[in-house]
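Residue strings, one per chain:
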Amino acid sequence: VIIYDISGTEVFRLTGNPNSKFGVALSMSNSLLAIGASGENKVYLYDYTTGSLKCTVSNNIVGTGFGEYVALQENNSRLLVGDDNLKKTSVFDIP
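In this text, all values refer to a predicted model and were calculated from it rather than measured experimentally.

## Some words on the pairing of strand β4 (residues 32-37)
The buried fraction of β4 amounts to 6 of the 6 residues, a majority that puts the element mostly inside the structure. Two elements, strand β3 (residues 22-29) and β4, share 6 bridges in a ladder whose sense is antiparallel. When the sheet's bridge partners are listed, methionine 28 is paired in β4 with leucine 33. Count of turn residues in the β3/β4 antiparallel hairpin: 2 residues, of which asparagine 30 carries a positive phi of about 50 degrees. In this structure, the hairpin formed by β4 and strand β5 (residues 42-47) is closed by a connection of 4 residues, where asparagine 41 is found at a positive phi of approximately 60 degrees.

## Section: the sheet that holds β5
Pairing between sheet strands relies on hydrogen bonds along the backbone, with the strands arranged either parallel or antiparallel. Read from one edge of the open sheet, 4 strands run β3-β4-β5-β6, paired in antiparallel fashion. For this open sheet the edge positions go to β3 and β6 (52-58), each flanked by a neighbour on one side alone. Looking at each pair of strands side by side, their axes are set apart by 20 degrees on average, direction ignored.

## A few points about unusual backbone geometry
Notably, asparagine 41 is not glycine yet its phi reads approximately 60 degrees, a positive angle. Of the residues examined, asparagine 41 reaches a relative accessible area of 6% and is grouped as buried. In this model, lysine 87 sits at a positive phi of 55 degrees, which is unusual for a non-glycine residue. Relative to the assigned elements, lysine 87 resides in the loop between β8 (78-82) and β9 (89-93).

## Description of the nonpolar core
Within the largest apolar cluster, 12 residues are counted, these being Ala25, Leu32, Ala34, Val43, Leu45, Val57, Phe66, Val70, Leu72, Leu79, Val81 and Ile94. Listed by contribution, the elements that provide at least two residues to this core are β4, β5, β7 (69-72) and β8. Among all residues touching alanine 25, those that are not within four sequence positions of it are Ala34, Ile35, Gly36, Gly67, Glu68, Tyr69 and Val70. Of all hydrophobic cores here, the second largest spans 9 residues; its members include Ile3, Leu14, Tyr44 and Tyr46.

## Describing the pattern of salt bridges
What the rule picks out here adds up to 2 salt bridges. Note that glutamate 10 is salt-bridged to arginine 13, the shortest N-O span being 2.9 Å. Owing to a relative accessible area of 36%, glutamate 10 belongs among the partly exposed residues under this scheme. With its nearest N and O atoms 3.2 Å apart, the salt bridge here joins aspartate 93 to arginine 78. In this pair, aspartate 93 sits in strand β9 while arginine 78 sits in strand β8, placing the two residues 15 residues apart along the sequence.

Cut-offs used in this document
- Residues numbered from 1 in each chain as written.
- Predicted model: local features only at pLDDT ≥ 70, side-chain atom pairs only at ≥ 80, totals over all residues.
- Heavy atoms only, no water.
- Buried < 20%, exposed > 50% of the residue type's maximum accessible area, 1.4 Å probe, protein only.
- Helix = DSSP H or I, 4+ residues; strand = E, 2+ residues; numbered from the N terminus.
- Pairing = 2+ DSSP bridges.
- Axes fitted to C-alpha atoms, helices over the stretch in contact; angles between N-to-C directions.
- Core = buried A, V, L, I, M, F, W, Y, C linked by side-chain atoms within 4.5 Å.
- Contact = heavy atoms within 4.5 Å.
- Salt bridge = Lys/Arg side-chain N within 4 Å of Asp/Glu carboxyl O.

Structural data, given as structure tokens:
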């Protein structure tokens, strides 16, 4: 995932493991960026103004596709994460 400024200049690059499907789902709200990595069953939450990792969430169940869908609530208070195989959505409070 590459973040550019308004002029098209690359600001920073966020990368994951090659087989993680890092970037399969994205959601952005205010200064937060949620990046799904369904191959790892994880979602990474970044401050996209600095590129710093705020936290990582996972369901720890192999092969569920957790992180295939992500959504941030507009006020940055909650992260919603969907998976492909269990067909459920998990809701996390953002610290």
